[in-house]
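# Coordinate analysis (summary)
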Amino acid sequence: MTILEALNWATDYLRDCGIDHPRLNAELLLARSIHLSREELYIRLHDQVMEEEIKTLEGLSRRRGSGEPLQYILGHQEFWSIDLKVDPRVLIPRPDTERLVEESLSILAKISSKKIPSVLELGTGSGAIAISLAKEVKNIFLVATDLSGDALMVAKENAKQAGVSDKIGFVKGDLLSPFHQGETFDLILSNPPYISDSEISDLSREVRDHEPLIALNGGKDGLEFYRKLISQAPYYLEKEGWFLLEVGSNQASSVSEMIETEGGFEKPERAKDLSGIERVVKAQRKWKVDSRKWRVEKK
Ligand SMILES: C[S@@+](CC[C@H](N)C(=O)[O-])C[C@H]1O[C@@H](n2cnc3c(N)ncnc32)[C@H](O)[C@@H]1O
């Protein structure tokens, strides 16, 4: 079989399995199977493919055809121009989340003119957000947490690969519970799980059957994590510190309302992603937060 024939076979197979962009998927899987780049495939269309390589292609195509995400099969995903390792222990970072990085960077630019900013990312997954910030900001103190020890292992590997291990401390724990009163940050940010219980079954099989549920499920109405974070965050923020949240489509107004109702923040602002969807809600901490309330919440 030639490269061209193998490419056509894999494309037809993936199309029959209902995979979007079957040709692109086939190219990437074939390139992986025969250790060439996608571009090289087209220079060598009439070269023969070895039997072993055909078997590898068949195996990878079967995995993809059954709905396994291409990123898990290939083992990596680009985010903020950084090549990140991904596997089923972590959510595949989405391009929309780069909006949260952009908004954070504009806030950090202002803070870093006065001091070395301290940043806390809750639910780091692959480490995509924290690593992007560490790459962009020369002097920064970052802590990245996750409840999943498996995810943290991936995030640590990615930080090492990106050369920013020395800038990020990784902490395992439930939201803000690993931190004590007095441990405050200039910026707290999170892309928390925000899919509601009822929407989980409507997700594509790629997401539903392969990505970690702990990274997706935001409880009954999808807003469970926002409720907890919004009530806790003011007590871990510096005066004038910033709180940034990625939100799902149609969640921005509910999350903004929660922030206004909580009372520990100035009026929240919203930022849209490239598709025009309100994707980030950000709010600055009020000068004074009621520390008696903090004590009640920590009990
Ligand atoms: C939507 S994913 C975001 C991952 C990554 N930050 C990104 O944007 O690609 C949410 C992350 O929160 C973590 N998580 C879930 N529950 C948590 C909790 N109670 N405390 C801390 N992290 C949690 C999940 O393991 C997952 O890595």
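Across its full length, the chain carries 13 helices and 9 strands. Taking the contacts inside the chain whose residues are at least 6 apart along the sequence as the reference set, 65% of them involve residues at least 24 apart.

Taken together, 22 residues form the shell around the ligand, and within it G123, G125, L147, N191 and A215 come nearest. At the level of secondary structure, the elements contributing two or more residues to the shell around the ligand comprise α7 (128–136) and β4 (141–146). Tallied by class, the residues present in the shell around the ligand amount to 12 nonpolar, 8 polar and 2 charged.

Another aspect to go through is the pairing of strand β1 (residues 76–79). Here β1 shows a clear split, with Q77 and F79 buried on one side and none of H76 and E78 buried on the other. In terms of strand pairing, β1 meets strand β2 (residues 82–85) through 4 bridges, oriented antiparallel. The residue bridging E78 from the neighbouring strand is D83, located in β2. Turn length for the β1-β2 hairpin, with the two strands adjacent in sequence and antiparallel, is 2 residues, and the turn residue W80 shows positive phi of about 50°.

Okay, the nonpolar core next. Side chains of nonpolar character tend, in soluble globular proteins, to be buried together. Judged by nonpolar contacts, the single largest core of 61 residues is most densely connected at L133, A134, L142, I188, F243 and L245. For this core, the element with the most residues is α7, which contributes 6 residues. Beyond its immediate chain neighbours, meaning those up to four positions away, L133 contacts V101, S104, V119, I140 and L142.

In this section: the sheet that holds strand β5 (residues 168–172). Strand order in this open sheet of 7 strands is β5-β4-β3-β6-β7-β9-β8, and the pairing throughout is mixed. The open sheet has two edge strands, β5 and β8 (269–272), and neither has a second partner. Between one strand axis and the next, the sheet turns through 20° on average, direction left out of account. This element, helix α6 (residues 98–111), spans β6 (185–190), β7 (237–246), β8 and β9 (278–284) of the sheet and lies at about 175° to β6.

You can see R205 is positioned in helix α10 (residues 205–210). The spatial distance from the C-alpha of R205 to the C-alpha of P69 is 9.2 Å, given a sequence separation of 136 residues.

This brings us to the pairing of β8. Direction of pairing for β8 relative to β9: antiparallel, over a ladder of 4 bridges. Looking at the pairing, K272 lines up with E278 of β9. Counting the residues in the hairpin turn of β8 and β9 gives 5 residues, including G276, whose phi is positive at 85°.

Quick look at the packing of helix α1 (residues 3–16) against helix α2 (residues 22–33) now. Contact pair α1 / α2: the axes reach a minimum separation of 8 Å and the direction vectors enclose 130°. By the angle between their directions, the pair α1 and α2 is classed as oblique. The element α1 and its partner α2 pack so that their crossing is right-handed. Facing A6, L7, A10, T11, L14 and R15 of α1, the residues of α2 in contact are P22, R23, N25, A26, E27, L29 and L30. Looking at the contact of α1 with α2, its residues break down into 8 nonpolar, 2 polar and 3 charged.

For the pair helix α11 (residues 224–232) and helix α12 (residues 252–262), the least separation of the axes is 10 Å and the interaxial angle reads 30°. Here α12 runs roughly parallel to α11, going by the angle between their axes. When the axes of α11 and α12 are compared, the crossing they make is right-handed. Between α11, through Y226, R227, I230 and S231, and α12, the contact on the second element is made entirely by V255, M258, I259 and E262. A per-class count over the contact of α11 with α12 returns 5 nonpolar, 1 polar and 2 charged.

This part is about the confidence of the model for the chain. The predicted model of the chain has a mean per-residue pLDDT of 95, with 96% of residues at 70 or higher. Under a pLDDT of 50 for its full length, residues 295–299 has, in the predicted model, 2 contacts with residues more than four places off or in other chains.

Turning to the environment of G75, a few remarks are in order. With respect to the helices and strands, G75 occurs in the loop between α5 (70–74) and β1. A count of 11 C-beta atoms within 10 Å places G75 in the exposed class. Counting along the chain gives 189 residues from G75 to G264, while the straight-line C-alpha distance between them is 41 Å. In this structure, G75 is in contact with K85, V86 and D87, ignoring residues within four places of it in sequence.

Thresholds, definitions, all that
- Residues numbered from 1 in each chain as written.
- Predicted model: local features only at pLDDT ≥ 70, side-chain atom pairs only at ≥ 80, totals over all residues.
- Helix = DSSP H or I, 4+ residues; strand = E, 2+ residues; numbered from the N terminus.
- Contact = placed C-beta atoms within 7 Å.
- Near = placed C-beta within 6 Å.
- Nonpolar A, V, L, I, M, F, W, Y, C, P; charged D, E, K, R; others polar.
- Buried ≥ 20, exposed ≤ 12 C-beta atoms within 10 Å, placed from the backbone.
- Pairing = 2+ DSSP bridges.
- Core = buried A, V, L, I, M, F, W, Y, C linked by C-beta atoms within 7 Å.
- Axes fitted to C-alpha atoms, helices over the stretch in contact; angles between N-to-C directions.
- Parallel < 35°, antiparallel > 145°, perpendicular 65-115°, else oblique.
- Left-handed = near helix turned anticlockwise from the far one by under 90°.
- pLDDT = per-residue confidence, 0-100.

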